Amino acid sequence: MPAYTEPDGHPGLRAALARHVGVSRSVRAGADDVLVTQGAQQALDLVGRVLVEPGDRVAVEEPGYPPARRLFRSHGARVTGVPVDAEGLVVAALPADTRLVYVTPSHQFPLGVPMSLARRTALLDWAERHGAVLVEDDYDSEYRFGGRPLEPLQSLDRHGRVVYVGSFSKTLLPMLRVGFLVAPASLRSALRTAKHLADWHGDLTTQGALAEFVDEGLLARHIRRTSREYAARRRAVLAALRDRLAGRLDPVPSAAGLHLAARPAPGSRVDLAPVVARAGERGVAVASLAGYCAERPRPGLVIGYGGIALADVDEGIRRLAAAFPPALLG
Ligand SMILES: Cc1ncc(COP(=O)(O)O)c(C=O)c1O
């Protein structure tokens with residue numbers, strides 16, 4: 001007989017995800033700690049429903065991920081953008097009354113910098129002292145191109161302060177709408193109730209198929225194979241930026257994910273908004289960093305390589321270079 005099931009999602013997928021994030025990210029989780037969501041966005045929504053009262057302070061990164069900012073604001077939060085430097089979120093700049101901090105430590109969105117270990121520890125200490133919850137969005141860290149990644153906040157946390165959020169949108173497809181969260185024991189029952197109220201549970205047919213995909217090792221294989229491809233594209237973007245835009249754009253150092261950011265080189269004063277528009281007219285989609293800043297616009301570009309063939313990268317950057325004002329071409 002057809003029946004509804006548990007709000008946490010397909011038990012097989014929860015177990016498979018717990019193993020997967022344990023191996024790939026050293027996240028400490030059993031199947032019972034995992035709640036399957038409709039993408040990372042629903043994970044943020046559930047956290048908002050459970051933890052945010054109208055008027056509560058929520059801190060997000062600046063620049064940061066606009067859907068997260070908008071989501072917390074929709075729950076009535078006072079959302080404050082906290083600056084990001086070369087080590088990640090500036091913990092010293094967090095307002096003292098912050099109830100919840102949304103961060104992307106593995107690959108800061110959109111700058112790409114990983115949060116340093118010192119900053120991770122400082123953020124966890126801060127959360128413990130201020131009674132705040134940290135939402136760690138680990139949306140694309142399966143793709144990493146440097147050395148060993150730093151431990152997630154979730155596995156460094158000793159006080160149950162971190163909700164870890166993952167998604168299949170980058171590894172597989174955004175249209176799958178499958179993400180998940182790993183919550184501390186104290187929040188689990190409330191998050192489960194919030195999920196039940198929102199949509200009872202997700203699509204168990206897709207979740208069951210995904211569980212087999214993960215269990216049979218196909219996800220890990222897919223990530224290994226696509227990592228090689230993305231690494232090649234990333235090298236090609238960096239090489240083309242060096243060849244064609246040195247002196248005008250400086251890539252921000254990063255070692256993960258499917259995009260990178262670049263800032264105007266020192267001394268370069270070009271207005272990047274028309275560059276983005278002209279590049280678009282030439283069939284090249286890049287985003288302005290300013291579009292990810294809600295409070296303090298910063299100049300720069302965000303360049304994705306998830307959707308471009310390796311063979312097209314150099315031509316894409318050539319067209320981007322051609323979109324710069326001629327007077328500035330060296
Ligand atoms: C920072 C960040 N978090 C999460 C996601 C994925 O969200 P979802 O799982 O809702 O598709 C993205 C996708 O672009 C992202 O950039």
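Small disclaimer: the values here were computed from a predicted structure and weren't measured. (Residues numbered from 1 in each chain as written. Predicted model: local features only at pLDDT ≥ 70, side-chain atom pairs only at ≥ 80, totals over all residues. Heavy atoms only, no water.)

(A) The domain arrangement of the chain, seen in detail. The assigned domain composition of the chain is domain 1 (11-216) and domain 2 (221-328). Measuring from the centre of the C-alpha atoms in domain 1 to the corresponding centre in domain 2 gives 27 Å. Per-residue buried area on domain 1 facing domain 2 is highest for L111, Y143 and F145; these three make up 32% of the total on that side. Linking domain 1 with domain 2 are 1 salt bridge. Among the salt bridges present, the one from E295 reaches R69, with a minimum N-O distance of 2.8 Å. Linking domain 1 to domain 2 there are 16 residue pairs in polar contact (both at pLDDT 80 or more). (Domains from an automatic or database assignment. Buried area = accessible area lost by both parts, 1.4 Å probe. Salt bridge = Lys/Arg side-chain N within 4 Å of Asp/Glu carboxyl O. Polar contact = N/O pair within 3.5 Å; in protein donor to acceptor, adjacent residues only side chain to side chain.)

(B) Layout of the pattern of salt bridges. The final tally for this structure, using the stated rule, is 22 salt bridges. Note that R161 and E128 form a salt bridge whose closest N and O atoms lie 3.0 Å from each other. One end of the pair, R161, is in the loop between helix 5 (153-156) and strand 7 (162-167); the other, E128, is in helix 4 (residues 117-130), and 33 residues separate them in sequence. Taken together, the salt bridges that share partners define one network made up of E62, R69, E295 and R296. (Helix = DSSP H or I, 4+ residues; strand = E, 2+ residues; numbered from the N terminus.)

(C) Expanded view of the site of the ligand. Neighbouring residues of the ligand: G39, A40, Q41, Y65, Y102, F109, D137, Y139, S167, S169, K170 and R177. In this structure, S169 approaches the ligand through a side-chain N or O atom, which is 2.6 Å from an oxygen atom. Contact between the ligand and K170: an oxygen atom at 3.3 Å from a side-chain N or O atom of the residue. Protein chains bury 89% of the 400 Å² of accessible surface belonging to the ligand in isolation. (Near = heavy atom within 4 Å. Areas by Shrake-Rupley, 256 points an atom, 1.4 Å probe, with all protein chains shown as cover.)

(D) Local environment of the packing of aromatic side chains. Following the criterion strictly, the structure yields 7 aromatic pairs and no others. Considering the side-chain rings of F109 and Y292, the 5.4 Å spacing of their centres and the 80° angle between planes classify their relative orientation as edge-to-face. Of the two residues, F109 sits in the loop between strand 5 (98-103) and helix 4 while Y292 sits in the loop between strand 11 (287-288) and strand 12 (301-304), which places them 183 residues apart along the sequence. Y292 carries the same exposure label as F109, and that label is buried. Of the aromatic side chains, those joined through ring pairs into one cluster are Y65, F109, Y139 and Y292. When the ring centre of F324 is taken as reference, the NZ or CZ atom of R248 above it lies at 5.6 Å. (Phe/Tyr/Trp six-rings, centres within 6.5 Å; stacked < 30°, edge-to-face > 60°. Buried < 20%, exposed > 50% of the residue type's maximum accessible area, 1.4 Å probe, protein only. Lys NZ or Arg CZ within 6 Å of the ring centre and 35° of its normal.)

(E) Fine view of the environment of L191. Position of L191 relative to the elements: it lies in helix 6 (residues 185-199). Between the C-alpha atoms of L191 and L35, which are 156 residues apart in sequence, the distance is 8.3 Å. Not counting chain neighbours up to four residues away, the residues in contact with L191 comprise L35, L46, V47, V50, L181 and A183. (Contact = heavy atoms within 4.5 Å.)

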